[in-house]
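# Structure at a glance
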Amino acid sequence: MNTLTLTSPIAPESTRPRNDANASPYATAAQTAAVLRSGAQYRRERMEAADMITTDEAATLAGTTRVTINAWIKSGRCIGVAHLRRGFKLPRWQFEPAIWPALQPVAKQLGTTDGWQLLAFLESPATALDGQTPRAALEQGAPLHRIVALATAEAH
């Protein structure tokens, strides 16, 4: 039988596997709604984080125009997440010399230009990086090929 099993000993009772042979292996509607709410809350908080800037601010930082920044977002050259209002928000740190060269190869290997997917990849701890995020590893001098290889593995 296929069931979702959380291995944490402190997992809430509602997420522990059921022993009932007739129990559904699927999440309940309430569990699904809770996950969706937490994802929406995370996105709102991430958009308002101090490191997020507008396309106009990014253009000034990069010495280019807002139109160019929008084109870079569309092509995966930089990370932009759709803002509730018009435009995008971008993490300021992506324009740092340690990160900038990695963005396009990572986007290509992940097969996406979606800002949330790129942001999630770069900000999620990776076992292959001893628990570091790809962003932190790059900032600490990890070779680009190692992060690109991780993105390639993640995509498959």
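Now for a quick tour of the structure. (Residues numbered from 1 in each chain as written. Predicted model: local features only at pLDDT ≥ 70, side-chain atom pairs only at ≥ 80, totals over all residues. Heavy atoms only, no water.)

## Topic: the packing of aromatic side chains
For clarity, the cut-off: Only the six-membered ring of Trp is used, alongside the rings of Phe and Tyr, when aromatic pairs are assigned; centres must lie within 6.5 Å, and planes under 30 degrees apart are stacked while those over 60 apart are edge-to-face, with the rest tilted. Helix and strand definitions follow DSSP, with helices as H or I runs of at least four residues and strands as E runs of at least two, each counted in order from the N terminus. Each residue's exposure class comes from its accessible area (1.4 Å probe, protein chains only) as a fraction of the maximum for that residue type: buried when under 20%, exposed when over 50%, partly exposed otherwise. We count a charge as sitting over a ring when the NZ of a lysine or the CZ of an arginine lies within 6 Å of the ring centre and within 35 degrees of the ring normal.
Evaluated as defined, the whole model comprises two aromatic pairs. Arranged with centres 5.3 Å apart and planes meeting at 55°, the rings of W72 and W100 form a pair that is tilted. You can see W72 sitting in helix α3 (residues 66-75) and its partner W100 sitting in helix α4 (residues 100-110), a full 28 residues away along the chain. By relative accessible area, W72 is classed as buried at 16%. A relative accessible area of 22% means that W100 is categorised as partly exposed. Ring centres 5.4 Å apart and planes at 25° place the aromatic pair F95 and W100 in the stacked group. Among the residues examined, F95 registers a relative accessible area of 16% and is labelled buried. By way of ring pairs, the aromatic residues W72, F95 and W100 are connected into one cluster. Between the NZ or CZ atom of R77 and the centre of the ring of W72, over which it lies, the distance is 4.4 Å.

## Describing the pairing of strand β3 (residues 88-91)
What counts, and what does not: Two strands pair if DSSP finds at least two bridges between them.
Across three bridges, the pairing between strand β1 (residues 52-54) and β3 is antiparallel. Bridging across to β3, M52 finds its partner in P91. As paired strands, strand β2 (residues 81-82) and β3 are joined by two bridges and run antiparallel to one another. Bridged to V81 within β3 is K89.

## Here we look at unusual backbone geometry
The backbone of D130 shows a phi angle near 55°, a positive value even though the residue is not glycine. Examined against the element boundaries, D130 turns out to sit in the loop between α5 (115-123) and α6 (134-139).

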